[in-house]
Structures are given as structure tokens and as C-alpha cells.
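One letter stands for each residue in the lines below.
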Amino acid sequence: MTNKKEDMQRMTKMVVENFKELMRHSSDEGLKWRASKRDLVELSHLVWETNLMRDERGMPLSFSVIVDRIFKVLNTSVPKSPTAVYANLLKRKNIRSCSVTERYMYLLQENAVKDPMRLDIKRMKRGGVIGM
């Protein structure tokens with residue numbers, strides 16, 4: 001059995017790899033984020049903190065660049081101030097509300113979902129939504 005720290009590292013690695021893969025897509029491909037914007041901001045911040053997303057010169061991408069790109073690819077409008085959205089997430093007090101990272105950790109540990117982020121992304125087709 002793995003411990004929480006190892007599970008968090010595994011989940012973070014999964015999210016970073018998903019972001020890297022998603023950023024190779026175009027918004028024209030019809031991918032759509034199905035969870036909340038604040039969840040996507042939180043995941044963007046998690047990715048930014050790792051410094052693993054780099055530009056062509058090897059420089060770490062800024063938080064705003066990561067947010068702009070992932071929101072565009074997932075056909076979701078960017079919040080007016082992603083930094084303020086993230087700051088408000090840190091102040092969360094509602095015990096019934098949990099972070100997306102907590103939710104993904106639960107799905108990884110308790111439900112053995114290998115890639116929880118994929119549950120929040122759909123591909124839009126002419127007649128409706130199909131899974132990614």
C-alpha cells in the first residue's frame with residue numbers, strides 16, 4: 001500500500017503529463033472542461049508549482065501562460081483573475097467543499113481510477129458529448 005505523499009506525487013505527475021499532452025491539442029478539436037473553472041485554476045497552479053512546463057528556451061511557463069493555454073484548449077473562458085480565484089481557494093471554509101486534488105486523490109486511492117482528470121474532459125461532437 002502506498003502512502004499519502006507517494007499518492008500525491010503520483011497524482012501530480014499524472015496531472016502534469018495530462019497538461020503536457022493537452023497543450024499539444026488545438027481548441028478546434030472540441031475538447032471541453034466539464035468541471036468548475038476553479039478546479040482547472042487549481043490544477044493549473046499545481047502544474048505551475050512543479051516548474052515542469054517549459055517553453056522552447058527551457059524557461060518555466062508562468063502561471064498565466066499555463067492558465068491561458070489550458071483554458072483555450074479546453075474551450076473554457078478564462079476567469080478575470082486566475083490568481084484571485086486561486087487565493088480564494090486557499091480560504092475555502094465550507095467543509096462540504098473539497099479541492100480538486102482531494103477529489104482526485106480519493107478517486108485514485110478509494111476507487112482505483114487511474115486518471116481522474118480524464119473524467120472532467122469530454123470531446124464535443126456534432127450530436128453531443130463523447131468521452132475523451
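Keep in mind the model is a prediction, meaning the values are calculated, not measured.

**Side note on the packing of helix H1 (residues 4-22) against helix H2 (residues 37-50)**
Right, so step 1: At a closest axis distance of 10 Å, the pairing of H1 and H2 adopts a crossing angle of 100 degrees. In terms of their interaxial angle, H1 and H2 are classed as roughly perpendicular. In this structure, H1 uses Met8, Met11, Thr12, Val15, Val16 and Phe19 to contact H2, whose residues at the interface are Leu40, Leu43, Ser44, Leu46, Val47 and Thr50.
Right, so step 2: Partitioning the contact of H1 with H2 into residue classes produces 9 nonpolar, 3 polar and no charged.

**Describing the nonpolar core**
Right, so step 1: Core analysis: the largest hydrophobic core is formed by 31 residues, its most contacted members being Val15, Phe19, Leu43, Tyr104 and Met117.
Right, so step 2: The set of elements that each furnish at least two residues to this core consists of H1, strand S1 (31-33), H2, helix H3 (63-73), helix H4 (82-90) and helix H5 (100-110).

**A word on the confidence of the model for the protein**
Right, so step 1: Chain-level statistics for the protein give a pLDDT mean of 89 and a share of 90% at 70 or above.
Right, so step 2: Strand S3 (residues 128-131) is the least confidently modelled element of the protein, averaging 49 in pLDDT, while H3 averages 97, the highest of any element.

**What about the pattern of salt bridges?**
Right, so step 1: Tallying each qualifying case throughout the model produces 7 salt bridges.
Right, so step 2: In this structure, the salt-bridge partner of Asp55 is Arg57, at a minimum N-O distance of 3.9 Å.
Right, so step 3: A salt bridge links Asp115 to Arg118; the nearest nitrogen and oxygen atoms lie 3.2 Å apart.
Right, so step 4: Accessibility expressed as a relative area gives 33% for Arg118, which makes it partly exposed.

**Regarding unusual backbone geometry**
Right, so step 1: Unusually for a residue other than glycine, Asn51 sits at a positive phi of about 60 degrees.
Right, so step 2: Relative to the helices and strands, Asn51 resides in the loop between H2 and H3.
Right, so step 3: If you check the backbone angles, Ala112 has positive phi at about 55 degrees while not being a glycine.
Right, so step 4: Mapped onto the fold, Ala112 is located in the loop between H5 and strand S2 (121-125).
Right, so step 5: A relative accessible area of 59% places Ala112 in the exposed class.

Here is what the cut-offs are and how they apply
Residues numbered from 1 in each chain as written. Predicted model: local features only at pLDDT ≥ 70, side-chain atom pairs only at ≥ 80, totals over all residues. Heavy atoms only, no water. Axes fitted to C-alpha atoms, helices over the stretch in contact; angles between N-to-C directions. Helix = DSSP H or I, 4+ residues; strand = E, 2+ residues; numbered from the N terminus. Parallel < 35°, antiparallel > 145°, perpendicular 65-115°, else oblique. Contact = heavy atoms within 4.5 Å. Nonpolar A, V, L, I, M, F, W, Y, C, P; charged D, E, K, R; others polar. Core = buried A, V, L, I, M, F, W, Y, C linked by side-chain atoms within 4.5 Å. Buried < 20%, exposed > 50% of the residue type's maximum accessible area, 1.4 Å probe, protein only. pLDDT = per-residue confidence, 0-100. Salt bridge = Lys/Arg side-chain N within 4 Å of Asp/Glu carboxyl O.

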